Amino acid sequence: MKEQDLSNYRKVYEKRELLTEDTPENPLELFRSWFLEVDQHFLEDETNAMTVSTIGLDGFPKSRVVLLKRYTYEGFIFYTNYESEKGKAILANPNVCLSFFWPKAERQIIIKGKAEKIPENMSDGYFESRPRGSQLGAIVSQQSEVVESRDVLDLNLKALEESFIGKEIPRPAYWGGFMVRPVELEFWQGRPNRLHDRIRYKLEENYDWTKERLSP
Ligand SMILES: Cc1cc2nc3c(=O)[nH]c(=O)nc-3n(C[C@H](O)[C@H](O)[C@H](O)COP(=O)(O)O)c2cc1C
């Protein structure tokens, strides 16, 4: 393949600014106001898509996109297979990083935190609210395991569909939510001349948040 030179890819960031005096004491409030603005004003596709990075059992970090399904002052919840590569990684080392990149708003948020399984009844509640196809998919897919072929997945789904006709589909024990309790959040707003705004919040031992401006 011929070498691809991307050095001319350049964008001027100029849509917004992030002034320290405009930032609230609690970073979850800033998360909420950015999220709502990105979703409703900038009309980003899949505003709730976030990258979750884990430290794997092989010692390598790995990142992949999942969907944020709920957030509160306590943390950020996503759903997955607890026996997937990420599930096993989190159970061995709960320190994770979440990140959002919202290009239409020229914004990035990076969150370090500790992931933990949410209570089973909460996972049940969310599983019940999913379309039947997604429920069956969660049962059919042994996420992150090697699968012989696409056909195997399709045939297993069909067989499962038939066996559950007229029946409620129970949540498999290996599928559920993780909550990431944040310890650090960094808000990045693109600015002209590469002098971007970066405000970092850290959770102190007394559970207060401190904030600092970082050099871009
Ligand atoms: C937009 C998008 C949304 C996704 N949402 C989820 C999700 O909510 N949960 C999930 O387990 N995987 C989701 N995935 C798939 C993951 O990126 C990943 O392929 C899968 O979880 C297996 O990752 P692992 O083998 O590292 O555990 C999504 C992928 C994309 C591109």
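Everything quoted here is computed from the prediction, not taken from an experiment.

Enquirer: Kindly report on the environment of L91, identifying the contributing residues and their values.
Expert: For L91, the position within the fold is in helix 2 (residues 85–92). Taking C-alpha positions, L91 is 8.5 Å from A115, a pair spaced 24 residues apart along the chain. Ignoring sequence-local partners within four residues, the contact set of L91 consists of Y82, K117 and F178.

Enquirer: Describe the site of the ligand, and please don't skip the residues or the numbers.
Expert: Around the ligand there are 13 residues in total, and R64, V65, T80, K86 and S144 lie nearest to it. Taking K86, its side chain carries an N or O atom lying 2.6 Å from an oxygen atom of the ligand. Take S144: an N or O atom from its side chain is 2.5 Å from an oxygen atom of the ligand. When isolated, the ligand has an accessible area of 620 Å², and the protein chains bury 66% of it. Only strand 2 (61–71), strand 3 (76–81) and helix 2 provide two or more residues apiece to the shell around the ligand. Ranked by the residues each element gives to the shell around the ligand, the list is headed by strand 2, at five residues. Looking at the shell around the ligand residue by residue, the class counts come to four nonpolar, four polar and five charged.

Enquirer: Help me get a handle on the pattern of salt bridges, residues and values and all.
Expert: One pass over the structure, following the stated rule, counts 17 salt bridges. Residue E116 pairs with R181 through a salt bridge whose shortest N-O separation is 3.1 Å. Of this pair, E116 sits in strand 5 (residues 107–117) while R181 sits in strand 6 (residues 175–189), and the two are 65 residues apart along the sequence. Here E212 and R200 are joined by a salt bridge, their closest N and O atoms 3.0 Å apart.

Cut-offs applied
Residues numbered from 1 in each chain as written. Predicted model: local features only at pLDDT ≥ 70, side-chain atom pairs only at ≥ 80, totals over all residues. Heavy atoms only, no water. Helix = DSSP H or I, 4+ residues; strand = E, 2+ residues; numbered from the N terminus. Contact = heavy atoms within 4.5 Å. Near = heavy atom within 4 Å. Polar contact = N/O pair within 3.5 Å; in protein donor to acceptor, adjacent residues only side chain to side chain. Areas by Shrake-Rupley, 256 points an atom, 1.4 Å probe, with all protein chains shown as cover. Nonpolar A, V, L, I, M, F, W, Y, C, P; charged D, E, K, R; others polar. Salt bridge = Lys/Arg side-chain N within 4 Å of Asp/Glu carboxyl O.

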